[in-house]
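# Close look at the chain arrangement
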Amino acid sequence: MANPALLSLSGPVKADFRTLFTAENPISALVAADEKVFYSCRSDILRYNTITNKQDSLRGHKRSVTSLEISTHNGVKILLSGSKDKTVRAWNIQDGSCIHTFYGHKDAVLCVHKAGDIVFSGAKDGTVRVWAYDSGDCSHLFKCDSPPSSLAFFEQTRMLYVRTQAASLFAYKLLDKGNVEKTQIFPSSVQAMILGERTLFCAWEDNTIRLYDLGAGSSSRVLVGHQRLAERLRYENDALISCGRGEVRIWNVQTGQCKTTIVGDQCAIPDHLGICETNNGTSVVTVSSDQITVSTHIIRDIIRGNKLANVIATCNSQGLTEVDLSRCDIQAFPDYEFEKPTNITILRLSSNKLSTLPASIKDFKKLKELHMNDNAFSRVPTEVCTMRYLRKLRLEKNQLYTVPPAVGRLMLLEELSLAHNQLTVVPPEIGDLVNLTTLDLSHNALLTVPQTFVQLRKCSTLLLNNNQFGESLEVVEPLSPRSGGGVPLSPRQDTTPPDSLPTTPRASSSTNAIPAAAYSVNGLPAMSTPSPRSGKRKGKSKGRSGNESATATDTEESGYKSDRTGDRSPRRTPQRVSSLANDSASMSPPSKASSGSLTAREESRSAISGRDTIDMTEQCFLHSLDFSQLSALATLHAHNNRLARFPKHITDCVTIVELNFSSNHIKRFPQGIEKLKNLQRLYLARNFITSLPDELVEITKLEELVLDDNRVRELPEKLEFLNSLKKLSVCKNSLTSLPMEFGRLVELRELSLEQNTFKEFPSELTNLQSLKILNVDRNKLVSLPTEVYYMTSLQSLSLRFNQLKRIPYQSLIHLTKLALDGNIFSELPGTVTRMRNLTELSLTRNQLNNISPDVAFCSNLVKLDLSSNNLMEVPPTLGLLPRLRTLNLSNNIALRDPPRDIVEAVNTPAVMEHLLNTAYGGAKPAYESRLCFVGLEGCGKSSLVQRMKLGKFQKRARSTKGIEIDEMISKISVRLDGKKKHVKCHFSLWDFGGSEDYLPLQTLFLNERAVYLIVWDLGLDESRSKIDFWLNTIRYHAGNAPVIIVGTHTDSVRDSQAAIAQLEKKYFTTKYPSVKYIVPVSCFSGEGIEKLMKRVAAVVQQQPYMGEQIPACFTKLATAIVKDRSKGKVPLVELPEFQKLAAANGVEKLTFSAALHYLHDLGVVFNLTTMTYDSQGAVITDPSWMIKLMSSVLGARKQFINNGVLKHEDLNTIWSDSEISQLFHLPFIAMMHRLELAFEEGAQGKKTSRNFYTLMSIFPSMLPDQVSKSSTWPRETNDPEFVKLYKLGFVPSSLMGRLMCRVFRKARPLIFWKDGFVVADTTEFDPTVPAEERKVDLIAKVEIAHKTATLKITVRGSKPLTFMRLLTDSVDNLVKRWYTFPRMQQSSYVSYTHVTDSDEISTYIFPLQHIENALKKGQTMISYNALDVPRKALLPDFEQRSQLETDADVEY
């Protein structure tokens, strides 16, 4: 049975409530610390002592105080305050004096925050200022979208989190020279936030509290329990306290469990929340709704009067197992005779000022964990060595100079941390800790290790980084204590020996040596003290943050610098330690006669440890240690040392998973590296390695390999066999090329080639189909090959500081981040405007003269940096980017508009507002959205539309044909100027018919500017719902557009909740991030309709286009288009004519594309210009006309479309009962051809004048599913066969039909069916020759396999590659321009059939990349799999292909 935890209360408890005091005026701010409560009513800050019940004031502010925060500086607690007088003040908590005043804000200060030596403040005008605490200088100034309400700074990443009054949460990274970078945007509806050690706690409007791990950058846990909104949060002593309406909850953030719930009328509406100490114990302080009554809720007892017996008695009586005294500012632990602790197994004393422990500490005989890290111990207390049951001992971040041999008595110890101390030697008795699994000796000054290390056979983690390990006893000159990196040998800056330090606790000015917040009972969780790697110490001199991966900072801290032309040398003069260096070869003990201060220190250490000296014959250099005996070792860190080679037995330790030897002097890999079969992560940055051994590839489990800052000139060809490699970094080396086999690293996700000497973009990279992040900064690239087009998984590409001036057309359109800084671009590459997923684009330090207006198509852009160029003006379409948060136009000297004062301030909202006003004559916010209802036929879509619009049930006798459009106006809540307001939103309701016949029409109207409702009848089996199909279809056509799944007919289903639960389990996953809600409704009874309306409103108001500024001329053009529909003309307008209409309504040429894009997404027009393959542009000004015609034809499939063939003469019959005249027949068929929904039968060859009504059109979507075997695909044994395979993940319904329409324009179809076709090359096609007499030299087969979601192209003939290029161009242009394939992969290979002299036939597969690499070397014979084949037999048209690629490499 497990021991009870510290917080073992279950269910809500009635708190011990009492009123502290009643203020004279409403309280505007409150904070509590120790026994003091600070609050403000007007301009004064009042200080109330909860012990003495006395009150005084801190005066200085001239107007009301709006915010208060308790912090520390140099170990002294201070109070920060912000006021409406536009100032920020820092106060001494003890004497009430004002220490600093920060001036500069232009409006009232709303929030303040301090972290380290930095002060942050946010004002009502939306500005945030960053101040240096000591000097008062403002280092950063930036503006938020709305006034900030709270701030939190994470020092490790230099990230400032800002919650605004609009309930949005943003993250700003502080850069040099006053710049900031908005790197993250959290969703809105965040009602409160607070920062823990490494966790950001956010209270959401759905009554949950979400935990964000700031190290991982993702949500780590959701706390559920509040019945109402949690409006206040407080993080205290590793516990999260949340206050909602009617309850206060205390959480264990490690398990996510609520340990205590306090209920009571007095905590009904918490306007303020704090923690303080009272006579009755530690209390939660709340302020009632009238904002003048301050109340407390007792949550645990307090240690007072040095009566530690009360603590033990409480623990014994309640069965508590943990005592947490962390961060209690304890200077001396009292030594009293007290009740024996019977149950305590965990004692936390972290982050205090302890230097000794009393002898009575040994009475904690059942103690299993002892945390004494971050104190002032100069030696390990001998009392600790008597705790025989101890399993975990933490002593990092102290001032330890020695470890007593008695530590070897802790035979059950499993985890020992001695990091960040001043150790020079470890006693051999540490080898007696045979149960040790984790040993951390990093950040000390160790030169040797005891030979008894080999006895630690259970040790899995050994951390030895940032020491002085080398091959001699020469050490670097001592640094100051806690400076990180190479830790000094001397105890302090002075030469005070350890034995002269006081051995008794310093006298305390108060009998209360242990403060109130000493331990936890009755509900406050005892959390694990943060590891030294999780952040810097607070209030003391700080060491390294503890990031054990090798970084540039590590190199600086270790005392070495990198020199590319010479060896690394210590920055300070090396010294010889006399007592250790007398006989470095034999490692003999130091001489007693040695003189100097070090001898005195040795003697002082001897006095402390109880032995004369450590026998150096029991020590050895690290490289001599026999690691083969450490049979459980999985992680070894030895970076930032002085090692010239690997330990000689390291390769015999076959259990190692992670190995870090960065920042050493290593020149080569160890012999037998291939033995490390389990190695997954290998870090060797900042060494002197020149080559990689071939044996390295035998480590097949290797996932990460870091070789930055070495001297590697080439990578081995066998690198391809590292099949598990996911991350490779070879920055700052001397690479000029990559091996041809490099493209076979199929699992590689991240690759960094920065600062090498590449002159050409390695073509091998284009075959890395899984690569997501690529860094090729600081090389000598002058161009990119067209093959980058195939890197479809790439999301982030950095090409900074090269010599690029163009990007191949249609390449890299799936990128989300692109950095092109420091190149020679003179204009924005046209390809960039087609990167619809791009969120960050940086083009600073180029030679840009102008920016294309089409950049407005990059509607997902969040950050755009165009600084330091030659821009004279920027297009006003930049003002239309809905998600743009950072637009940097600074340092463009010739820029005339926008004004320089706006530009230099990097004030993005002001720049965008200026662009809209000057270019469009003003703009107004638009609140409009499309709601698209999709699903199976008969599931209730139309009834749902009517119920949502009219509020009543209307049963329809017929199903919807094609698409029916309706309108609805409803109110939604938005935040304007920091306040929540209700505005009218115009909804366009699109009811999609459920028949599959209409899919080709419906997919034309799927885009991101809509919310999709997938409707499903709960009475049907979920497998028949086609929800998966619609989710994928929406994703591939509309990207990340939000989806709500609606289950209908709840009134006729017995257990609708079970069906909904099944849906939630399946679709609320990372696979379907677009699914926002699943809502059950009944259109008949109206059940759930109100909830659905609220869910729709919640989703719509979160969309970036909601409330965006729409130019007045756009609205005027839309009105003119609607008015023109009544004239009865064919609403198919050629592009030049439509441009004239736009110009007549004030839309200029520069903004025409943006206007057309906006009207198309909204459904006012249908833009054939971007939806068709040909270059002829046209616009349909009445989409309902288009829908009506297409629906009537597609719905007549059974009567008039036989196997996909429609006779044009049948149009008269189809439309005989309608008002559609023959005037529309020809435009309709032309439109179908341009939309690639149909193609004309027999249209290949020379055109002849034929009567329209004698022709036929073929609809690919209605072709038969299969065809019989045909002789059109003969088996030719002597011709090479070239195959290309696309792995799509999902096959959109219109893909094959559109591909047919494109290919049949250039090739002669021989046979076709719904999922494939066979075509012949028409290069020498003569239509006058009868079909049976035509010679077929090149044929191709294209087919789709829906089960595997693959598209396969096979070409056979004398010159297959040229014909293949024609087909793949069509496929690539289609799949990469019209669809989103996040996981699409491609592979190309040549199939060669070899006929022996005995007529035996064998087929061989040659990867195309292998052939091309061989050709680059000038080989005429291609060797693969023990077969040599002439080049011309495989690719007879290779020379033509090279010329073809040269012609195609054009920038549009």
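All chains use their own residue numbering, which begins from 1 and follows the written sequence. Given that this is a predicted model, residues contribute local features only at a pLDDT of at least 70 and side-chain atom pairs are listed and counted only at 80 or more, while totals for whole chains, interfaces and linings are drawn from all residues. Water and hydrogen atoms were dropped before computing side-chain values, which therefore reflect all heavy atoms in the structure.

## Some words on the overall build of the protein chain
Defined as follows: Note on conventions: DSSP H or I runs of at least 4 residues are helices, E runs of at least 2 residues are strands, and numbering of each starts at the N terminus. Type-normalised accessible area, obtained with a 1.4 Å probe on protein chains alone, sets the label of each residue: buried when under 20%, exposed when over 50%, and partly exposed for intermediate values. Here, residues are in contact when the closest pair of their heavy atoms is within 4.5 Å. Computed by Shrake-Rupley with a 1.4 Å probe, the accessible areas treat only the displayed protein chains as cover when residues are assessed.
Counting secondary structure elements, the protein chain contains 24 helices and 76 strands. Across the 1452 residues of the protein chain, 57% fall into the buried class. Sequence separation of 24 or more characterises 51% of the internal contacts of the protein chain that already satisfy a separation of 6 or more. Summed over all atoms, the accessible surface of the protein chain reaches about 60000 Å², with 47% contributed by carbon and sulfur.

## Quick word on the sheet that holds strand 12 (residues 118-123)
Which entries qualify depends on this criterion: Any two strands are treated as partners once DSSP identifies two or more bridges connecting them. Note on geometry: axes are C-alpha line fits, over the in-contact stretch for helices, and angles between N-to-C directions span 0 to 180 degrees.
Strand order in the open sheet formed by four strands is 11-12-13-14, with antiparallel pairing between adjacent strands. Strands at the two margins of the open sheet, each flanked by one partner only, are strand 11 (109-115) and strand 14 (138-143). Across the sheet, the axes of successive neighbouring strands diverge by a mean angle of 15°, strand direction being ignored. With five bridges joining them, strand 12 and strand 13 (residues 127-132) adopt antiparallel strand pairing. Bridging across to strand 13, Val119 finds its partner in Trp131.

## Section: helix 16 (residues 1183-1194)
This is how it is decided: Any helix carries an expected span of 1.5 Å times its number of residues minus one.
Its 12 residues give helix 16 an end-to-end C-alpha distance of 16 Å, which sits within 8% of 16 Å, the value for a rise of 1.5 Å per residue. Most of helix 16 is tucked away, with nine of its 12 residues classed as buried. Within helix 16, burial applies to Pro1183, Trp1185, Met1186, Ile1187, Leu1189, Met1190, Ser1191, Val1193 and Leu1194.

## Examining the packing of helix 9 (residues 1027-1038) against helix 10 (residues 1056-1067)
Which entries qualify depends on this criterion: Between 65 and 115 degrees an angle is taken as roughly perpendicular, under 35 as roughly parallel, over 145 as roughly antiparallel, and anywhere else as oblique. The sense of a crossing depends on the near helix, which, turned anticlockwise from the far helix by less than a right angle, makes the crossing left-handed and, turned clockwise, makes it right-handed. Classification used: nonpolar for Ala, Val, Leu, Ile, Met, Phe, Trp, Tyr, Cys and Pro, charged for Asp, Glu, Lys and Arg, polar for all others including Gly.
Packing of helix 9 against helix 10 leaves a shortest axis separation of 13 Å and a crossing angle of 40°. It follows from the interaxial angle that helix 9 and helix 10 lie oblique. Once helix 9 is placed against helix 10, the crossing between them reads as right-handed. Along the contact surface, helix 9 presents Ile1027, Asp1028 and Leu1031, while helix 10 presents Leu1063, Lys1066 and Tyr1067. Of the residues that constitute the contact of helix 9 with helix 10, the class distribution is four nonpolar, no polar and two charged.

## Overview of the confidence of the model for the protein chain
This is how the line gets drawn: One confidence number per residue, pLDDT, is output by the predictor and ranges from 0 to 100.
Considering every residue of the protein chain, the mean pLDDT works out to 75; 72% of them sit at 70 or more. Residue range residues 277-281 is modelled with pLDDT below 50. Its contacts to residues more than four positions away, or to other chains, number 24 contacts. A low-confidence stretch, residues 1439-1452 (pLDDT under 50), is modelled with 24 contacts involving residues beyond four sequence positions or located in other chains.

## As for the packing of aromatic side chains
Quick note on the threshold: Aromatic contacts are taken between Phe, Tyr and Trp rings whose centres are within 6.5 Å, Trp giving its six-membered ring; a plane angle under 30 degrees counts as stacked, one over 60 as edge-to-face, and the others as tilted. The rule is short: NZ of Lys or CZ of Arg within 6 Å of the ring centre and within 35 degrees of the ring normal puts a charge over the ring.
The tally for this structure, following the rule as stated, stands at 16 aromatic pairs. When the ring of Phe953 is compared with that of Phe1084, the centres are 5.5 Å apart and the planes differ by 75°; the resulting orientation is edge-to-face. Of the two residues, Phe953 is situated in the loop between helix 7 (941-950) and strand 55 (963-976) and Phe1084 in the loop between strand 59 (1075-1080) and helix 11 (1089-1100); the sequence distance between them amounts to 131 residues. The exposure class of Phe1084 is exposed, given its relative accessible area of 58%. When the ring of Phe1239 is compared with that of Phe1304, the centres are 5.0 Å apart and the planes differ by 90°; the resulting orientation is edge-to-face. Taken together, the residues Phe1239 in strand 66 (residues 1239-1240) and Phe1304 in the loop between helix 20 (1295-1303) and strand 69 (1307-1313) connect sequence positions 65 residues apart. Each member of the pair Phe1239 and Phe1304 is classed as buried. Within the aromatic cluster, the residues linked to one another by ring pairs are Phe1239, Phe1304, Phe1312 and Phe1317. Geometry around Trp204 places Arg210 over its ring, the cationic atom sitting 4.0 Å from the centre. Lying over the aromatic face of Phe1029, Lys1026 brings its terminal NZ or CZ to 4.4 Å of the ring centre.

## A word on the pattern of salt bridges
The criterion, for reference: Whenever a carboxyl oxygen of Asp or Glu lies within 4 Å of a side-chain nitrogen of Lys or Arg, that contact is scored as a salt bridge.
Taken as a whole, this structure holds 21 salt bridges when the rule is applied. One salt bridge in this structure joins Lys863 and Glu181, with 3.2 Å as the shortest N-O distance. One end of the pair, Lys863, is in strand 51 (residues 863-865); the other, Glu181, is in strand 18 (residues 180-186), with 682 residues separating them in the sequence. You can call Lys863 buried: its relative accessible area is 17%.

## Notes on a positive patch on the surface
Cut-off, in case you're wondering: What goes into a patch is any residue over 30% in relative accessible area without a salt bridge, connected to like charges within 9 Å or, for nonpolar side chains (Val, Leu, Ile, Met, Phe, Trp, Tyr), within 5 Å. Only four residue types enter the tally: Lys and Arg on the positive side, Asp and Glu on the negative side; His and the chain ends are excluded. Where a charge lies is defined by one atom per residue type: Lys uses NZ, Arg uses CZ, Asp uses CG and Glu uses CD.
On the surface, Arg63, Lys84, Lys86, Lys106 and Lys124 cluster together to form a positively charged patch. Relative to the elements of secondary structure, Lys86 occurs in the loop between strand 8 (76-83) and strand 9 (88-92).

## A short note on the sheet that holds strand 64 (residues 1201-1202)
If you trace the four strands from one edge of the open sheet to the other, you get 64-65-67-66, paired in antiparallel fashion. Bordering the open sheet on either side are strand 64 and strand 66, each of which pairs with just one other strand. Inspection of the sheet shows strand 64 paired to strand 65 (residues 1205-1207) by two bridges, in the antiparallel sense. The residue of strand 65 that forms the bridge with Asn1202 is Val1205.

## Some words on the environment of Phe1068
Within the secondary structure, Phe1068 is located in the loop between helix 10 and strand 59. Taking C-alpha positions, Phe1068 is 8.9 Å from Ile1078, a pair spaced 10 residues apart along the chain. Those residues in contact with Phe1068 that sit more than four places away from it in its chain are Leu1063, Val1075, Lys1076, Tyr1077 and Ile1078.

## Observations concerning helix 19 (residues 1225-1234)
The element helix 19 is extensively covered by neighbouring structure, given that eight of its 10 residues are classed as buried. Buried within helix 19 we find His1225, Pro1227, Phe1228, Ile1229, Met1231, Met1232, His1233 and Arg1234. Immediately beyond the C-terminal end of helix 19, within one or two residues, lies Glu1236, with a positive phi of roughly 60°.

## Focus: the side chain of Ser1257
Under the convention used in this document: Think of a polar contact as two N or O atoms within 3.5 Å of one another; within protein, one of them needs to be a possible hydrogen donor and the other a possible acceptor, and neighboring residues in sequence only count if both atoms come from side chains.
Checked against the element boundaries, Ser1257 lands in strand 67 (residues 1256-1258). Within the structure, the side chain of Ser1257 is placed 2.7 Å from the side chain of His1208, a separation counted as a polar contact. In contact with Ser1257, other than residues within four places in its own chain, are Gly1204, Val1205, Leu1206, His1208, Ile1229, His1233, Ala1238, Phe1239, Glu1240 and Glu1241.

## A word on the pairing of strand 12
For strand 12, a buried count of six out of six residues is recorded, marking the element as mostly surrounded by other parts of the structure. Both faces of strand 12 are covered, namely the face carrying Ile118, Phe120 and Gly122 and the face carrying Val119, Ser121 and Ala123. As paired strands, strand 11 and strand 12 are joined by six bridges and run antiparallel to one another. Residue pairing in the sheet places Val112 in a bridge with Ser121 of strand 12. The turn linking strand 11 back onto strand 12 is made up of two residues, and Gly116 within it adopts a positive phi angle of 65°. Linking two consecutive strands that pair antiparallel, namely strand 12 and strand 13, is a turn of three residues; a positive phi of about 90° is found at Gly126 within it.

## Focus on the environment of Gln1199
Structurally, Gln1199 is set in helix 17 (residues 1197-1200). We classify Gln1199 as exposed; its relative accessible area is 57%. Note: C-alpha distance between Gln1199 and Ile1214 (15 residues apart in sequence) is 9.2 Å.

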